[in-house]
Amino acid sequence: MKKHIYLSDLHFEHQSWKKELSFQKDELVFFKKRLEEVVPRYTDKTVLAKAEQFQNQMIRHGEVVDTLVHDINAHEHELSDFAQEHPIALDHVHFDDHTSLRSKMESQRTIYADFKQQYFRYLTETM
């Protein structure tokens, strides 16, 4: 059985997610700059290999963020089209909840938080 939700609630959640993802994107830029400051200090291959892994993870997280933002915008566009075609019905119509998108966001939060924890641990060990 599908859960139904109001358009305004979907829109609010979309906006919240986009702000959260924008923050993650900004953090990744900050983390990359910090990694570029740390790497030149070391010649140890283990430390440098781990730095390269983090650099690759940052690239991948950026791609995931971009994909999620694209998916959110696409869903928002669908809802906007419906709103323009049915302006009177907006207060009375329930929409299918976007559980798939919510699940992707929750996964990203978990994976990103784990990445940050590992990254900070790496920085602490190399400083």
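In case you missed it, the structure is sitting above this.
Residues numbered from 1 in each chain as written. Predicted model: local features only at pLDDT ≥ 70, side-chain atom pairs only at ≥ 80, totals over all residues. Heavy atoms only, no water.

Describe the overall build of the protein chain, and please don't skip the residues or the numbers.
Looking only at helices and strands, the protein chain features three helices and two strands. Ordered by position in the sequence, the α and β elements of the protein chain form the string β-α-α-β-α. Across the 127 residues in the protein chain, those meeting the buried criterion constitute 31%. Entry remark: accessible area of the protein chain is about 8500 Å², with carbon and sulfur atoms responsible for 56%. (Helix = DSSP H or I, 4+ residues; strand = E, 2+ residues; numbered from the N terminus. Buried < 20%, exposed > 50% of the residue type's maximum accessible area, 1.4 Å probe, protein only. Areas by Shrake-Rupley, 256 points an atom, 1.4 Å probe, with all protein chains shown as cover.)

Can you explain the pattern of salt bridges? Please cite residues and give values.
Side chains carrying opposite charge are able to pair once their charged atoms draw close together. The final tally for this structure, using the stated rule, is eight salt bridges. Note that E13 and R102 form a salt bridge whose closest N and O atoms lie 2.6 Å from each other. One end of the pair, E13, is in helix α1 (residues 7-38); the other, R102, is in helix α3 (residues 99-126), with 89 residues separating them in the sequence. One exposure class covers both E13 and R102, and it is buried. One salt bridge in this structure joins E27 and K116, with 2.9 Å as the shortest N-O distance. (Salt bridge = Lys/Arg side-chain N within 4 Å of Asp/Glu carboxyl O.)

Any chance you could break down the side chain of Q108 for me, citing the residues and the numbers?
As for its position among the elements, Q108 is in helix α3. Assessed through its relative accessible area of 5%, Q108 is described here as buried.

I'd love a proper account of the side chain of T126, names of residues and values included.
Tracing the chain through its elements places T126 in helix α3. Residue contacts for T126: discarding those within four places in its chain leaves V38, Y42 and V47. (Contact = heavy atoms within 4.5 Å.)

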